[in-house]
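Residue-level structure breakdown
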Amino acid sequence: MFRPNYYLLLELDCGEKSTAKIEAAIIAKQAEWSRDRNHPKKGREAQQYLGLLTDIRKVMGNAEDREKESRECRELRQQAEKAAYADLDRHIGTVAARGHLFESEVAQLVQQFKGRFIEAEIRKRIKVPIRKDSRPEGASRPELDTSTAKEIENRLKIIAKKDLYDFLDLPQSTSHDQLLNRARELDSDARKNNNKSAEVTAQAELAGFCLRVFKSEEERERYDNTLAMCGLREMDGQIRMAGASKKIDARAMESLLKEAGSRGVTPDEARAYICAFASKQGWAVEVPHGDGPDRVHACGACGVINATEATVCASCGEPLWIACPSCQTRNASETVICPRCGFKVGNAALVRRMERDAQRSLGDGDFTAAERYVREAEELWNDSPSLRKLRDQLHEHKLQNQERLQKNADTAKKLQDAMIHKRFAEAQALVIDVAHCDPNYAKLNEYRGQIEKAINEAHGHVDRARLEERNGRIDEAVNAYGDALRACDDYPDAQRGLEKHPPKPPANLRAVALVAGIDLNWQATPSRGPAKYVVVRKTGAPPVSHTDGKEVAVTSATNITDADAPSGQPVFYAVYTDRGGVLSSSSAASQGVVRLAEVGELTATSGENRISLNWRLPGGVQGIEVWRNSGDAPRARNEGASLHVPGVVSTCVDDKLKNGTLYGYRVITVFRGINGESLYSQGVTCEAIPSELPKVVNDLSVTQDQGELRATWTPPSIGTVHVYATPAKIAYSSGQSISLVEAEKIGRRVPAVSNREIRDKLNNIRLLYLVPVTVSGTTAVVGQQVLMSCLGDVQDLRVQVRDGRLIAQWQWPADCSMVSISLRTDTFSTGPEDSRIALFTRHHYEHHGKFEHDVPQSAQIYLTVYAALKDGVGWVYASGTGSGARRRCEVGTRQTVLYWVRGKGDGGAGKTRFELLLKADSEITLPALILVGKPEGLPLAPTNGTVVLNLPNGTMCAEGKRVSLAFKIDRSDRFWRFRLFAVNECDNQWLELMESDKLGGIFPPLFG
Amino acid sequence: MRVISPCGSVTCPYCFAQFHLSKAARRSLSPSAVKEPDEVLGRFLSIPAPRLAHVELPPPAKFWGRVKRRLIANHDGMSDWKKICPECHLPLPPKTANGELSNDIFAIIGARSAGKSNYFGVLLKLLQGHYAQEMDFSCYEQETFSVKDLKPIGSSQLYRQRYGRKLFDGNERMAVDQTRSAETEVDSRIPLIYRLECNRRWFHYISRPLSHVAATNLVIFDAAGEDMDDPTKLEHYYRYLLRAKGIIFLIDPLQYPGLRSQLPEEIRKRLPRIETEPAEIVAKVITMFESRAGLPAGGKINVPVAFVLTKSDMLRGIVHSTSEILRDCSHKGGFNRSSCQRVGEEVVECIREWDCPQLVDLAQRRFRHASFFAVSALGELPDEKMRIKAVSPLRVGDPLLWILWKSGYIPAQRI
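All of these numbers come straight from a predicted model, not from anything done at the bench.

Quick notes on the side chain of A:Lys934
- Counting through the fold element by element, A:Lys934 comes out in strand S47 (residues 929-935).
- Classification of A:Lys934 as buried rests on a relative accessible area of 12%.
- Setting aside residues up to four positions removed in sequence, A:Lys934 forms contacts with A:Pro939, A:Asn944, A:Gly945, A:Phe975, A:Trp976, A:Arg977, B:Glu349 and B:Glu353.

Structure representation (structure tokens):
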């Protein structure tokens, strides 16, 4: 007897083994069947199942039977699934016979198989392309309105473009976001173009049309339809010709359909149009058999219609089928968006074009363009093998190109070097390399000529030398080889020839120690030929070869001065002859000498009854002697008085001198000779007059305006003031005496315009220290140096005190990212580090819109804002001296006076009486004030209304008490508003006149 | 689960549609959810229908089921579904989706080149930092929607993309470019959403007895000025304006010939040409309220409207040195009513002085809650290349704080 599978009947999972769950399912089903047992349709079935209950419990209760039932359930489910898929495939096969499906058909399938398959599964089973729904027969396709289409056409004519796709230079299948991006680019270009010619204007307008037309798929479809219909309308003439005999035969029809296809119109649309046209004219039409309306599709790149079986476009050769890179679905090239995964496959033609452009750019060596094309293509088409290959090629080409360019540059440099040093043999090989790498190298021909000439000349000399050698005339042969080397420094034959005849060394080398160095002279070599001399120096012992010691010089002369010889140490010299790179086997050697050196940078600084001497010690010095004379300096050692110098020091102070007397000094250095004896230098001299110290300048004031700096000071009673400009802070402190030489080394001396002022141009300098130095005789005293920053100050510093908080706002200069804020209660700060209360960043300022700080307990505050800029390792500050960067603000004495006006009724004589009431927190004597009134409006300024009341200077306002002042104005129906102003603007700094609050809306009660 | 008002409605922050939470659709968050083209979202954003997880409308229910839904809102947090607006299919902010918070829309409108975007950019920065600190409320980002990635994105990230990078990042400060029309720039239809949490005020103990803070989602929307000039485009914004809790109407003072003539010649050369009169846009807005919201002729609009004179830094040297317009004020402890009122009076007078009293008349006659303000977002006029030295805002927060005070979120200073 047939019975259903119990797992299926109980709607249980095939693998369910839990008896509790099975029992629960049985109970639930039993209840359901009991309910349905009297149901007109389900009743019989329910009764049958109720009869099976005992068997169900028996089978499902037995493990073996249950297992068997479970297996059977699985098989039955598989069979059902297979059958369902077969059913689905049959349905799909029926509609997909024509080669594609429409979206509406897919939707119908989804509806039909609802509950059995989800949409994704159904789409997965469809192997043919899915197209957008075709329009019902006879329905007209939506088009752009005629005026817009006409406007687009007119503008396209101006710039000679076929359609908007042609204008954007993009294929027709390109996704609309790319079309929009391109349109925006063109729009932006056209806007930037100041030459507003007809073409540029048309371009801008067309870009605007593109933004509108390609805004959405619907709009785009309208435009595409308009294009297709335009194409058909252009064929009107051809249709008339075809129907000249009142009939369009099948062949003519085919020809017309083909022509329409090349214009991107599908055959069914073209057929409908031609039939309608013929019908209007009253012609007969013979419709050809063959391609059905759906057996065609358009090329995504050019829009031409092709037969379905075609794989590449007959017009442009582009492939007609594209595999989606995201889901691998095969799509027609006209498809803009993959119906399965939504990927923009319509960009395929654009990507291929970019690939081609990238290949071409690679071939031309334009790597920047190639990289741009590849990057753009990658953005549109992810993970394509051809793009990956292109990217690799690009990378490889770039590396190769870099290497090649580097190598070319090195070779060219070597060639230049060889030409300069007449190494023409080497240059000959390099020229070949350079010509190979860079055939357009500018000096190639010039170099070739020079090389050829030099080598020919050297070759001639070598021939001559060999002839002389054969004749036994060695000296002449050496001369000829020398001539060859003079013509070409590295001519190998000449070098080999000279190697056979080494030169003789020079003779009588003498070394004399001088202060400027060690003077060497020797007798020239007796050997003939172009000789040079290699001078070698060694400290402590004579050199034994030309590599033993330091090579001091290679010269053709027979004397040199070795200025680099160390002082105070015994040095030995050897001179070798060098002829054509061949050195003499022996050398001329010198005795050991010790070089003497004087002290350097000797300065004499005058002071009161004293003179300070400073110098720089030379190397190897063993002692210092200082000799003094009144008047001129001592002419030699042992003349005048010797000053006590404790050891080897660099300073000496001579005090107890007489002011106004000239003193001369000679400073002599003492060295130890080869044999231990003392050697004395000639010595250096200086003179100075001790005198009373000049006054220090401590009030240098610097301002800058329009690229010019101006510094002023109070002229001292003694001495002249020199102002030096230096970019770094100097080490001298204020009041320190320095020598005139040291003063000159501080920096550039700024020319003075008077004895109290200098002016100078600022040449984009950001930071400058100005150092005033007072000079009197030979004495100079450093004054207070002033930092002057050319970084622009902040502008328009506004300071207000509200609710016990100080609020500061200002305008930031360009490039400034931080300010240093200094606050003092006695005077303005002298620099950014003086009384700094905050380092405030621009970011922080922008975050709060202001700087806030607690108000100090003081009557007044002096706030300075220094603009700062990171320069190198440290911060550079603006001077903070500009009027917009510092503000004095009254705090403690700032007074607030509340005022309000009230009407007092009729004032007689056509006037209305009013009363001004004033109230202050503490007793205050008011300055001169005016009350300004204005009918139906608030006076914005003292001049913006009528002065109705003058309060003279000195009006007293007691603490907590009202002051009442009456006034009258002409009677009027209009409302009046009043405002109190200080007569003198400067009084606003300490006095705040505040109208008493009248709240309740923004249009407060007005006074009448 | 949360008990909600059976008659209350929520406002979608994207399309401004109003609906009861029981009508909200939902989108599956499950990674295995079937993806299908979302035509509704595509149509709203004017993009090809994106393939997203499928949307489920509330299933039909019997009477008691419908009653239950009207009274109880489920939490989104623990389920695989996210509530979305049934009209635009964009996700509702989390606390709105469970009926806990309302979305308060604050509209910033004004004519082209009134400085909306710059004001918007600076205002949001200051609101989250300076004003939140000063007035003791917190303001932080909520999720909004990225049209580019078709997924939720933090409002701060969107803020940086639109304004922050130019105004505050990098060494060189730039003013923000003109906002593109929402017709061509889909992204500009997406607002920025911030959570505003304030301390409870006395009436909140009655209106929100279970909540320990008074909170709302601030939905701030920057409309392109060119859309405001065109009556047909303005029509797109009718919902936005009608549903707004407060409107900030920006007025470019440089559009007033009376002021222009007082400016120095070198500044006058750099000014944009005179376009739409601010009063014209206000008239259009009033007409919209009349036609769409049934406002009777001569009736007053109840929404608080802040008329804001932008670029107030240009008034330096024109108004008196003691003018309140040029002085910043502190809102410590509450909205500074007295200072803002004085500014309002001065602004009204300035506008009258520039021979443009229509705006003031309209504001007086047709708005129940209107106030005038003067702000400067950048503190200076940008140069030809839109560069500025630094952002120096002045009184930027006054209008929004006034609206928040009017809406009962923040207190006013005691006088």
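A few points about the sheet that holds strand S48 (residues 946-951) of chain A
All names here are of chain A.
- As summarised here, the arrangement of the 3 strands in space is S48-S47-S51, forming an open sheet in which the pairing is antiparallel. Looking at which strands have only one partner, the edges of the open sheet turn out to be S48 and strand S51 (976-982). Across the sheet, the mean angle separating the axes of adjacent strands is 25° when strand polarity is ignored.

Some thoughts on the interface of chain B and chain A
- The partner chain A presents 56 residues to the 60 residues of chain B that form the contact.
- In total, chain B and chain A occlude about 4,700 Å² of area from one another, counting both sides; carbon and sulfur atoms represent 48% of this.
- Of all residues in chain B, the largest losses of buried area upon contact with chain A belong to B:His320, B:Gln341 and B:Glu345, amounting jointly to 13% of the total for that side.
- Connecting chain B to chain A are 7 salt bridges.
- Here A:Lys850 makes a salt bridge to B:Asp328, at a shortest N to O gap of 3.6 Å.
- Counting across the chain B and chain A interface gives 11 residue pairs in polar contact (both at pLDDT 80 or more).
- Mapped onto the side of chain B that touches chain A, the elements with two or more residues apiece are helix H4 (116-135), helix H13 (337-353), helix H14 (357-366) and strand S19 (370-374) of chain B.
- Ranked by the residues each element gives to the side of chain B that touches chain A, the list is headed by H13(B), at 14 residues.
- Tallied by class, residues from the side of chain B that touches chain A come to 18 nonpolar, 20 polar and 22 charged.

Structural notes on helix H3 (residues 43-51) of chain A
Residue and element names in this part refer to chain A.
- Within H3, the full set of buried residues consists of Gly-43, Ala-46, Tyr-49 and Leu-50. The buried residues of H3 occupy an angular sector of 125° when projected down its axis, which confines them to one face. In H3, those exposed residues whose orientation departs by more than 90 degrees from the buried face are Arg-44 and Gly-51.
- Where H3 is buried, its residues meet helix H1 (6-9), helix H2 (19-36) and helix H4 (53-61).

Rules and cut-offs
- Residues numbered from 1 in each chain as written.
- Chains lettered and ligands numbered in written order.
- Predicted model: local features only at pLDDT ≥ 70, side-chain atom pairs only at ≥ 80, totals over all residues.
- Heavy atoms only, no water.
- Helix = DSSP H or I, 4+ residues; strand = E, 2+ residues; numbered from the N terminus.
- Buried < 20%, exposed > 50% of the residue type's maximum accessible area, 1.4 Å probe, protein only.
- Contact = heavy atoms within 4.5 Å.
- Pairing = 2+ DSSP bridges.
- Axes fitted to C-alpha atoms, helices over the stretch in contact; angles between N-to-C directions.
- Buried area = accessible area lost by both parts, 1.4 Å probe.
- Salt bridge = Lys/Arg side-chain N within 4 Å of Asp/Glu carboxyl O.
- Polar contact = N/O pair within 3.5 Å; in protein donor to acceptor, adjacent residues only side chain to side chain.
- Nonpolar A, V, L, I, M, F, W, Y, C, P; charged D, E, K, R; others polar.
- Arc of directions from axis to C-beta.

The analysis is restricted to geometry; functional conclusions fall outside its scope.
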